[in-house]
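Single-letter residue listing:
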Amino acid sequence: MRFGKRLLFGLFLAAVLLSIMAAVSVAWADRGTCNNPSLVSSLTAQAEPYNWTAESDQASAYFGRSVASAGDVNGDGYDDVIVGAYLFDNGQTDEGRAFVYHGSASGLSTSPDWTAESDMARSYFGYCVGTAGDVNGDGYDDVIISAPRYGASFYEGRVYVYLGSAAGLGSSPSWTVDGTETLGEFGSSVGSAGDVNGDGYADVIVGAYLYDNGESNEGRAFVYCGSASGLSTTP
């Protein structure tokens, strides 16, 4: 009898532990929404008609973890989209990749018109993606991409901006900024800040939700202003 009770209790305890582990796993996966569809929505989405679809064609790349408008990066009058696959592998494990698809009169292109990677293992490039607005005032929208686990030490993070042009986005970032704090995860969220000082140039905002400055994991947000020469290198 005692054995039976112990067995039942053991099964109950195992079920509780599994529930806790699942909850922690979901919370970790969904930290920093980056203006993305929620994890719950992605799990419960119904099959509905759609106008366009794309995939990474790589197992466990997590393509679509972050999605956003890219603005009009090539100035053709059609908005474009950017998609992140932060666990994509291409030479380095979990380095991540971002994909941009151009808009047109017939809709979005069926294959990516531009891709970029971090070339650092487990940096999570593409964890957050979005339009940066036009940070240098050249008439083309630019994009901002984060790699919150980039760093020579441990999860300092890095954020990248790529400039638009008539030919589309540049192959190399015009601006990068690295986090300065170990485990700060600089770039856990990124986005356009609009034009905060009214000078006609778009600005960007970056979050580091585990930043410490007197209080553990209090977090910090940083704004970098645009100009004719691009974004400032200091907030």
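Residues numbered from 1 in each chain as written. Predicted model: local features only at pLDDT ≥ 70, side-chain atom pairs only at ≥ 80, totals over all residues. Heavy atoms only, no water.

A. Examining unusual backbone geometry more closely. Of note, the phi angle at Leu183 is positive, near 70°, even though the residue is not glycine. Among the secondary structure elements, Leu183 is positioned in the loop between strand E8 (175-178) and strand E9 (189-194). With a phi angle near 50°, Glu185 is a residue other than glycine that sits in the positive phi range. The topology assignment puts Glu185 in the loop between E8 and E9. You can call Glu185 buried: its relative accessible area is 3%. (Helix = DSSP H or I, 4+ residues; strand = E, 2+ residues; numbered from the N terminus. Buried < 20%, exposed > 50% of the residue type's maximum accessible area, 1.4 Å probe, protein only.)

B. Structural detail: the sheet that holds strand E2 (residues 80-85). Strand order across the open sheet formed by 4 strands is E1-E2-E3-E4, with antiparallel pairing between neighbours. The two strands at the open ends of the sheet, each matched to only one other strand, are strand E1 (63-71) and strand E4 (114-117). Across this sheet, the average inter-strand angle for adjacent strands is 20°, counted without regard to direction. As judged from the 5 bridges shared by E2 and strand E3 (residues 97-101), these two strands associate in the antiparallel manner. Looking across to E3, one finds that Val81 is bridged to Tyr101. (Pairing = 2+ DSSP bridges. Axes fitted to C-alpha atoms, helices over the stretch in contact; angles between N-to-C directions.)

C. Summary view of the nonpolar core. Of all hydrophobic cores here, the largest spans 22 residues; its most connected members are Ile144, Trp175, Phe186, Val204 and Tyr224. Only strand E5 (128-133), strand E7 (158-162), E8, strand E10 (203-208) and strand E11 (220-224) provide two or more residues apiece to this core. A per-element tally of this core places E10 first, with 3 residues. Not counting the four nearest positions on each side in its chain, Trp175 is found in contact with Val159, Tyr160, Val161, Val204, Tyr224, Leu231, Ser232 and Thr233. One finds Ile82, Ile145, Tyr160 and Leu169 within the second-largest nonpolar core, a separate group that totals 16 residues. (Core = buried A, V, L, I, M, F, W, Y, C linked by side-chain atoms within 4.5 Å. Contact = heavy atoms within 4.5 Å.)

D. Focus on the environment of His102. Relative to the assigned elements, His102 resides in the loop between E3 and E4. Assessed through its relative accessible area of 15%, His102 is described here as buried. Along the backbone, His102 and Asn74 are 28 residues apart, and their C-alpha atoms lie at a distance of 8.2 Å. Those residues within four positions of His102 in sequence are excluded, and the remaining contacts are Val73, Asn74, Asp80, Gly107, Leu108, Ser109 and Asp113.

E. Layout of a nonpolar patch on the surface. On the surface, Val196, Ile205 and Val223 cluster together into a nonpolar patch covering about 210 Å² of accessible area. Its place among the elements puts Val223 in strand E11. (Patch = residues over 30% accessible without salt bridge, like charges linked within 9 Å, V, L, I, M, F, W, Y side chains within 5 Å. Areas by Shrake-Rupley, 256 points an atom, 1.4 Å probe, with all protein chains shown as cover. Salt bridge = Lys/Arg side-chain N within 4 Å of Asp/Glu carboxyl O.)

F. Representation of the pairing of E3 in the model. Among the 5 residues of E3, 5 are classified as buried, and the element is accordingly described as predominantly covered. Taking every second residue as pointing to the same face, both faces of E3 are buried, with Arg97, Phe99 and Tyr101 on one and Ala98 and Val100 on the other. Alignment of E3 against E4, held across 4 bridges, turns out to be antiparallel. For Arg97, the partnering residue across the bridge sits in E4 and is Glu117.

G. Up close: the side chain of Ser118. When you line up the elements, Ser118 lands in the loop between E4 and E5. Among the polar contacts listed, one links the side chain of Ser118 to the backbone oxygen of Glu95, at a separation of 3.1 Å. Looking at Ser118, its side chain comes within polar contact range of the side chain of Ser123, at 2.5 Å. Not counting chain neighbours up to four residues away, the residues in contact with Ser118 comprise Glu95, Gly96, Ser123, Phe125, Tyr150 and Tyr160. (Polar contact = N/O pair within 3.5 Å; in protein donor to acceptor, adjacent residues only side chain to side chain.)

H. Inspection of the confidence of the model for the chain at higher detail. On average, residues of the chain score 86 in pLDDT, and 80% of them reach the 70 mark or higher. Low confidence marks residues 1-33, where pLDDT is under 50. Its contacts with residues over four positions away, or in another chain, come to 18 contacts. In this model, residues 36-45 is a region of pLDDT below 50 whose contacts with residues beyond four sequence positions or in other chains number 6 contacts. (pLDDT = per-residue confidence, 0-100.)

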